[in-house]
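Observations on the model geometry
Each chain, written out:
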Amino acid sequence: MPDPRTAERPSALDAAVDMHAHFLPTEYRTALTAAGIDALDGMPTGVPRWTTGSALELMDEAGIATAVLSISSPGVLLEAGEPGAIRLACLVNDAGAEISRAHPDRFGFVATLPLPDVDAALAELDRSAGELSAHGVVLLTNYRGCYLGDARFDPVFEELHRRGSVVVLHPTSPCGGSAGGGGVSIAPGYPPPMLEFVFETTRAVVNLVMSRTVERYPGISFVVPHGGAALPVLVDRVERVGATLDRAAGRDPVDVRGALSRLHYDLAGGTPDGLLPALLRLARPDRLLYGSDYPFTPASRVLELADLLRATDLLGAGERRDMLAGNARRLLRRSSSAT
């Protein structure tokens, strides 16, 4: 592999579209403070700083042409009841739209929905897709312990399918922790993002596949974070055990590998040598997307990983450029025309 440390700054030809970029507008930070959350998902680093200016500075240095912004975990379900989540979803979506309007060539955003309130989520989906021109939605892996393939969420997926929407998935802490997600961890001092986020993503996607949600709603373009989490190494087990159970129950087996091959996968958070070999056995190169995970991934690490992706020999030159930007542009263009 070429040494990324000797690489020149990326040219316009290698500019990226960041499909895994977060923002923390003032309205969201205020809500976190009001809820007593000063460490997201138990991370000792606290709530990271984010401004439009700092994001643009990092994007320029990393060669990121456009970032599609989303609210990360713990989302907007910060209070015991749903009314607060509905208000906060409106506020953060308005903030995302304002940033996108102010910098239309640099930022887009995907809307946050106030699930598990289905009626409120449908209303906010309609408002964000229409009035706010969102590029899709972001869904957390579970809402109060209810995973995305649950039948109660079918009306939302039906509407997302009808609209041909992009759905960006993002892990959150397993149910059972505090509002900030700090109560569940693998060991003291090692909060959920280290390991549980990987299995949250895996659990949610398997849930979507085995509930046949992916199959029933083919109009949705799902984006799976972090290189598919543990899916590339667990797909054989899920496929084999699932088929055995389906046949025993008199059902046609779920086409697990076929469903997973139709999803899109961002490469945020890991090195190409760690992510790509297994993922490429599951997904074609045209399903790969660039993601920085900024600001939860520090700027220095974003730069390092971006250089590694640009230098990897696991993809051809054209495949690298499509992973960096071409695949995302086609995905967003298809979603915009469908909506």
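Structure: see above.
The following paragraphs examine the structure supplied in this document. Quantities reported herein were computed from a predicted structural model and do not represent experimental measurements. (Residues numbered from 1 in each chain as written. Predicted model: local features only at pLDDT ≥ 70, side-chain atom pairs only at ≥ 80, totals over all residues. Heavy atoms only, no water.)

1. Section: the packing of helix 2 (residues 52–62) against helix 11 (residues 299–311)
Rules: Axes, fitted as lines to C-alpha atoms, cover a helix only where it is in contact. Angles between the N-to-C directions of the axes lie from 0 to 180 degrees. Helix numbers and strand numbers start at the N terminus; a helix is a DSSP run of H or I with at least 4 residues, a strand a run of E with at least 2. Angles are sorted into four bins: roughly parallel if under 35 degrees, roughly antiparallel if over 145, roughly perpendicular if 65 to 115, and oblique for all others. The handedness criterion is simple: a crossing whose near helix is rotated anticlockwise from the far helix by less than a right angle is left-handed, and one whose near helix is rotated clockwise is right-handed. Any two residues whose heavy atoms approach within 4.5 Å are treated as being in contact. In this count, Pro and Cys sit with the nonpolar residues alongside Ala, Val, Leu, Ile, Met, Phe, Trp and Tyr, while Asp, Glu, Lys and Arg are called charged and the others, Gly among them, polar.
Helix 11 packs onto helix 2 with a crossing angle of 30 degrees between their chain directions and a minimal axis gap of 10 Å. Judged on the interaxial angle alone, helix 11 and helix 2 are roughly parallel. Once helix 2 is placed against helix 11, the crossing between them reads as right-handed. Together, L58, E61 and A62 of helix 2 and A299, V302, L303, A306 and R310 of helix 11 make up the contact between the two elements. Taken together, the residues that form the contact of helix 2 with helix 11 break down as six nonpolar, no polar and two charged.

2. A look at the sheet that holds strand 3 (residues 107–109)
Operational definition: Two strands qualify as a pair provided that DSSP identifies no fewer than 2 bridges between them.
The parallel open sheet is built from three strands, whose spatial order is 1-2-3. Across the chains shown, the open sheet's two edge strands, defined by having one partner strand only, are strand 1 (16–22) and strand 3. Within the sheet, the average angular offset between the axes of one strand and its neighbour, ignoring direction, is 25 degrees. Here five bridges tie strand 1 to strand 2 (residues 64–70), and the two strands are oriented parallel to one another. Bridging across to strand 2, A21 finds its partner in L69.

3. Here's the deal with the pairing of strand 2
Remember that side chains alternate between the two faces of the sheet whenever the strand is regular. This is how it is decided: Only protein chains enter the accessibility calculation, which uses a 1.4 Å probe; a residue is then buried when its area is under 20% of its type maximum, exposed when over 50%, and partly exposed in between.
In terms of burial, strand 2 is a largely internal element, six of the seven residues being buried. Note: strand 2 against strand 3, three bridges, orientation parallel. Counted as the bridge partner of V68 is G108 from strand 3.

4. Concerning the sheet that holds strand 9 (residues 221–224)
Judged by pairing direction, the sheet is parallel, and its six strands sit side by side in the order 4-5-8-9-10-11 without closing on themselves. Both outer strands of the open sheet, strand 4 (111–112) and strand 11 (288–289), are each paired with one neighbouring strand and no more. Pairing between strand 8 (residues 166–170) and strand 9: three bridges, direction parallel. Within strand 9, the residue paired with V167 across the bridge is F222.

5. Observations regarding the pattern of salt bridges
For side chains bearing opposite charge, pairing can occur when the charged atoms are close. For the record, the criterion: Should a side-chain nitrogen of Lys or Arg be within 4 Å of a carboxyl oxygen of Asp or Glu, the pair is scored as a salt bridge.
Tallying each qualifying case throughout the model produces 17 salt bridges. Notably, a salt bridge pairs D94 with R127, separated by 2.9 Å at the nearest N-O pair. Residue D94 is located in helix 3 (residues 83–102), and its partner R127 is located in helix 4 (residues 118–130); the two are separated by 33 residues in the primary sequence. On the basis of relative accessible area, D94 is assigned to the partly exposed category, the value being 31%.

6. Details of the environment of G108
Turning to its location among the elements, G108 is positioned in strand 3. The buried category is assigned to G108, whose relative accessible area is 2%. With 42 residues separating them along the chain, G108 and T66 place their C-alpha atoms 7.4 Å apart. G108 has contacts with T66, A67, V68, L69, S100 and H135, leaving out every residue within four places of it along the chain.

7. What about the packing of aromatic side chains?
Note the threshold: Pairing of aromatic rings covers Phe, Tyr and the six-membered ring of Trp, with a centre-to-centre limit of 6.5 Å; geometry is then stacked below 30 degrees between planes, edge-to-face above 60, and tilted otherwise.
If you walk through the whole model with that rule in mind, you get five aromatic pairs. Taken together, a centroid distance of 6.0 Å and an interplanar angle of 75 degrees make the contact between F23 and W50 edge-to-face. Within this pair, whereas F23 is found in the loop between strand 1 and helix 1 (26–34), its partner W50 is found in the loop between helix 1 and helix 2, the two being separated by 27 residues in sequence. Each member of the pair, F23 together with W50, is buried. Aromatic pair F157 and Y217: ring centres 6.3 Å apart, planes at 20 degrees, arrangement stacked. One end of the pair, F157, is in helix 5 (residues 154–163); the other, Y217, is in the loop between helix 7 (213–216) and strand 9, and 60 residues separate them in sequence. No difference in accessibility class separates F157 from Y217, as the two residues are buried.

8. Comments concerning the packing of helix 1 against helix 3
At a minimum axis distance of 8 Å, the contact between helix 1 and helix 3 shows a crossing angle of 150 degrees. In terms of axis orientation, helix 1 runs roughly antiparallel to helix 3. Listed contacts from helix 3 to E27, Y28 and A31 of helix 1 are L88, L91, V92 and A95. Looking at side-chain class alone, the contact of helix 1 with helix 3 contains six nonpolar, no polar and one charged residues.

9. Quick look at the nonpolar core
Operational definition: Here, nonpolar core means buried Ala, Val, Leu, Ile, Met, Phe, Trp, Tyr and Cys residues that are tied together by side-chain atoms lying within 4.5 Å of each other.
Among the nonpolar cores identified, the biggest contains 83 residues, and L69, L139, F157, L169, F222, L260 and Y290 are the most heavily contacted of them. In terms of residue count, helix 3 provides more of this core than any other element does, seven residues in total. Grouped together as the second largest cluster of nonpolar side chains are 13 residues, V17, V110, V168 and V223 included.

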